[in-house]
Amino acid sequence: MEEIIKFNSICEYNEYYGINTEHPLVTVIDFSKAQPAIPGKMNYGFYLVVLKDVKCGDMHYGKHYYDYQEGTLVFLGPGQVAGRALTKEEKANCEAENGKRKPKGYALAFHPDLIKGTALGSKISNYTFFSYQVNEALHISDQEREIVLDSFSKIAFELKQAIDKHSKTLIVSTIELFLNYCLRFYDRQFITRDNQNQGILNRFESLLNDYFVSGDPKTNGLPSVGYFATEFNLSSNYFGDLVKKETGKTAQEYIQTKVIDVAKERIYDTTKSVSQVAYELGFKYPSHFTRLFKQHVGHSPNDYRMLN
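Here's a quick rundown of the structure. (Residues numbered from 1 in each chain as written. Predicted model: local features only at pLDDT ≥ 70, side-chain atom pairs only at ≥ 80, totals over all residues. Heavy atoms only, no water.)

## Quick word on the packing of helix H6 (residues 167–192) against helix H10 (residues 236–247)
Threshold: Axis geometry follows a simple rule: fit a line to the C-alpha atoms, using only the stretch in contact for helices, then measure angles between N-to-C directions, giving values from 0 to 180 degrees. Counting from the N terminus, the helices are the DSSP runs of H or I reaching at least four residues and the strands are the DSSP runs of E reaching at least two. Oblique is the label for any angle not under 35 degrees, not over 145, and not in the 65 to 115 range, which are roughly parallel, roughly antiparallel and roughly perpendicular in turn. Contacts are assigned to residue pairs with any non-hydrogen atoms lying within 4.5 Å of each other. Residues are grouped as follows: Ala, Val, Leu, Ile, Met, Phe, Trp, Tyr, Cys and Pro are nonpolar; Asp, Glu, Lys and Arg are charged; all remaining types, including Gly, are polar.
Where H6 meets H10, the axes come as close as 10 Å, and the angle between the chain directions of the two elements is 70°. The angle between H6 and H10 falls in the class roughly perpendicular. Each of Tyr186, Asp187, Gln189 and Phe190 in H6 lies in contact with H10, whose residues at this interface are Tyr238, Asp241, Leu242, Lys245 and Glu246. Its residues placed into classes, the contact of H6 with H10 shows 4 nonpolar, 1 polar and 4 charged.

Written as structure tokens, this is what we have:
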């Protein structure tokens, strides 16, 4: 089994790259000033944003094309694992010394304790890209790269100042502003990949149709967002955000709309009870089906059948 390097603290992460710790809960690293390190899988106990050179290859991006070549932002949340050993070709593109490699790019790392009790802490879950897969990274333009580096520079500047009552507020607010920019950048990426996304949506619709035609609902229950995300080799959050950007509905809402459409068709079959229809659709309890149907249609299944 491949060994996983675990970083529980910001201090451990800094030490790995030979960087002085200026604050125990946050750091900004310019990897050009870091010491060479042995590549491998790593587990992080904090939030990490890495701005990487696309050609460096020390993190696994999968086989997806890149929108831009100026850099790639990878977001990792606490407990996530990323990285792998380099191939021979990748080693040739990176600086190596005695089996070690000097990474390229920059990193921002901050511990969950830094944002506890702050506005950012209360809404950190809104930044769903922290739970994306690494191959769903953000590929940025030259202009976007400037904004990223400016944000990192502001945080690094504040870390070099004497800590006072304003330090935490300034650091956390800058991180929050940076993350809000990243939301905008991801919106742009979803738009620039419109053709690819439409292909996913078309297949999503097809998979939904196939699911209800098959006997899967009776055996496996209602289809979940995670089920379809796995079909596309995407994380649930990335898939959900993609569907939301393209349709205006969450993936769960999209699935529920399909369930109701199929239910309307099957309710016309008067040889089946409402309970039978509910079980065929994957509901464990007919009452749950009735509640959802009324919520979407405005009538109970029985009333809808009588009206039509």
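The discussion continues.
## What to know about the side chain of Thr72
Inclusion rule: Polar contact is the term for a pair of N or O atoms within 3.5 Å; when the atoms are in protein, one must be able to donate a hydrogen and the other to accept it, and sequence-neighboring residues count only if both atoms are side-chain atoms.
Within the element layout of this structure, Thr72 appears in strand E5 (residues 72–76). Looking at Thr72, its side chain comes within polar contact range of the side chain of His139, at 3.1 Å.

## As for the packing of aromatic side chains
Inclusion rule: We call Phe, Tyr and Trp rings a pair once their centres come within 6.5 Å, taking the six-membered ring for Trp, and we label the pair stacked below 30 degrees between planes, edge-to-face above 60, and tilted otherwise. Each residue gets one of three labels from its accessible area relative to the maximum for its type: buried under 20%, exposed over 50%, partly exposed in between, using a 1.4 Å probe on protein chains only. Criterion for a charge above a ring: Arg CZ or Lys NZ at most 6 Å from the ring centre, at most 35 degrees from the ring normal.
Tallied over the full model, the rule gives 35 aromatic pairs. A ring pair is formed by Phe75 and Tyr186, whose centres lie 6.1 Å apart and whose planes are at 45°; its orientation type is tilted. Of the two residues, Phe75 sits in strand E5 while Tyr186 sits in helix H6, which places them 111 residues apart along the sequence. The class for Phe75 is buried, based on a relative accessible area of 3%. The ring of Phe31 carries Lys52 above its face, with NZ or CZ at 5.1 Å from the centroid.

## Here's the deal with helix H11 (residues 251–267)
Worth spelling out the cut-off: A helix's residues, less one, multiplied by 1.5 Å, set its expected span.
Relative to the 24 Å expected for 17 residues at 1.5 Å per residue, H11 spans 24 Å between its end C-alpha atoms, a close match to the ideal helical length. Considered for burial, the residues of H11 that qualify are Ala251, Tyr254, Ile255, Lys258, Val259, Ile260, Val262, Ala263 and Ile267.

## Details of H10
With 12 residues, H10 ought to run about 16 Å at 1.5 Å a step, and its terminal C-alpha atoms sit 16 Å apart, in line with that. Those residues of H10 lying buried are Tyr238, Phe239, Gly240, Asp241, Leu242 and Val243. Phi turns positive, to about 85°, at Gly248, one or two residues after H10.

## Here's the deal with the sheet that holds strand E1 (residues 4–7)
Put simply, the test is: Being paired, for any two strands, means DSSP has found at least two bridges between them.
Taken in spatial order, the 3 strands line up as E1-E3-E6 in an open sheet, and their pairing is mixed. Since the sheet does not close on itself, it has two edges, and those belong to E1 and strand E6 (81–82), each with one partner. Summarising the sheet, E1 and strand E3 (residues 41–44) pair through 4 bridges and their orientation is parallel. For Ile4, the partnering residue across the bridge sits in E3 and is Lys41.

## Notes on the sheet that holds strand E9 (residues 105–110)
Reading across the sheet, the 5 strands line up as E2-E9-E4-E5-E10 and stay open at both edges, with antiparallel pairing between neighbours. In this open sheet, the two edge strands, each paired with only one partner strand, are strand E2 (26–30) and strand E10 (138–139). Relative to E5, strand E4 (residues 47–52) is paired through 5 bridges, and the arrangement is antiparallel. Its bridge partner being in E5, Val49 is matched across the sheet by Phe75. Packed on one face of the sheet, helix H5 (residues 142–159) meets E2, E4, E5, E9 and E10 and runs near 125° to E2.

## A look at the pattern of salt bridges
Basically, it comes down to this: Any carboxyl oxygen of Asp or Glu that lies within 4 Å of a side-chain nitrogen of Lys or Arg is treated as forming a salt bridge with it.
The full count for this structure, using the stated rule, is 9 salt bridges. Residue Asp150 pairs with Lys154 through a salt bridge whose shortest N-O separation is 2.7 Å. A residue pair is termed a helical-turn pair when its members lie 3 or 4 positions apart in one helix, as Asp150 and Lys154 do in helix H5 at 4 residues. Exposure remark for Lys154: the relative accessible area of 45% places this residue in the partly exposed category. We note a salt bridge from Asp187 to Lys245, for which the minimum N-O separation is 3.2 Å. Taken as a pair, Asp187 in helix H6 and Lys245 in helix H10 lie far apart in primary sequence, 58 residues in all. The class for Lys245 is partly exposed, based on a relative accessible area of 40%. Connected via shared salt-bridge partners are Arg266, Lys272 and Glu280.

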